[in-house]
Amino acid sequence: MTDTDRSVDGESTDSADSGPFSDAVDAEDVPEFGDLSIAQRAFVAAAQNPSRGLLVVGLFAFALAFYAAFWLSFPAAAGLLSALALIVAAAAAAVYWLLDRVAG
């Protein structure tokens, strides 16, 4: 039975209309949110609230345009700050990797 087969007017007396779906998902088969990857978490968040997902995409596009304009206007400062950002990101990745190895 599909969604289109179910009665929506409330006048049906068929017992099949009031029961659960026959292909119900077991609770054990559903992954925990913590088990999802970053990309899967972003997809779930965007699916649950599409307007927030569009806002994040718009802000990312603005940030990318701002970064490009920064490089065109002040290349030396942009290079220095980009190198600093890469060092901080590498340090954060190393700390995350170490904590993951210690916890696992």
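Residues numbered from 1 in each chain as written. Predicted model: local features only at pLDDT ≥ 70, side-chain atom pairs only at ≥ 80, totals over all residues. Heavy atoms only, no water.

1. Things to note about the overall build of the protein chain
- Counting its regular elements, the protein chain contains 3 helices and 0 strands.
- For the protein chain, the α and β elements follow one another from N to C terminus as α-α-α.
- When the accessible area of the protein chain is evaluated, it comes to approximately 9,100 Å², of which 68% is carbon and sulfur surface. (Helix = DSSP H or I, 4+ residues; strand = E, 2+ residues; numbered from the N terminus. Areas by Shrake-Rupley, 256 points an atom, 1.4 Å probe, with all protein chains shown as cover.)

2. Some words on a nonpolar patch on the surface
- Residues Leu81, Leu84 and Val88 make up a contiguous nonpolar surface patch of about 280 Å² in total accessible area.
- Note that Leu81 resides in helix α3 (residues 75–103).
- A relative accessible area of 47% means that Leu81 is categorised as partly exposed. (Patch = residues over 30% accessible without salt bridge, like charges linked within 9 Å, V, L, I, M, F, W, Y side chains within 5 Å. Salt bridge = Lys/Arg side-chain N within 4 Å of Asp/Glu carboxyl O. Buried < 20%, exposed > 50% of the residue type's maximum accessible area, 1.4 Å probe, protein only.)

3. Some thoughts on the side chain of Ser82
- As for its placement among the helices and strands, Ser82 is situated in helix α3.
- With relative accessibility at 13%, the residue Ser82 sits in the buried group.
- For Ser82, the contacting residues outside a window of four places in its chain are Tyr67 and Trp71. (Contact = heavy atoms within 4.5 Å.)

4. Points about the packing of aromatic side chains
- Evaluation of the coordinates by the stated rule reveals 2 aromatic pairs.
- Measuring from centroid to centroid gives 6.3 Å for Tyr67 and Trp71, while their planes differ by 80 degrees, and the two rings are edge-to-face. Here Tyr67 and its partner Trp71 are both found in helix α2 (residues 50–73), 4 residues apart, which amounts to about one turn of the helix.
- Since its relative accessible area comes to 38%, Tyr67 is described here as partly exposed.
- Residue classification places Trp71 among the partly exposed residues on the basis of a relative accessible area of 35%. (Phe/Tyr/Trp six-rings, centres within 6.5 Å; stacked < 30°, edge-to-face > 60°.)

5. Observations concerning the confidence of the model for the protein chain
- For the protein chain, per-residue confidence averages 82 on the pLDDT scale, and residues scoring 70 or more make up 75% of the total.
- Mean pLDDT across the elements of the protein chain ranges from a minimum in helix α1 (residues 38–48), with 85, to a maximum in α3, with 95. (pLDDT = per-residue confidence, 0-100.)

6. A look at the environment of Trp71
- With 11 residues separating them along the chain, Trp71 and Ser82 place their C-alpha atoms 9.8 Å apart.
- If near-sequence neighbours (up to four positions away) are discounted, Trp71 is found in contact with Ala78, Gly79 and Ser82.
- At a separation of 2.8 Å, a polar atom in the side chain of Trp71 contacts the side chain of Tyr67. (Polar contact = N/O pair within 3.5 Å; in protein donor to acceptor, adjacent residues only side chain to side chain.)

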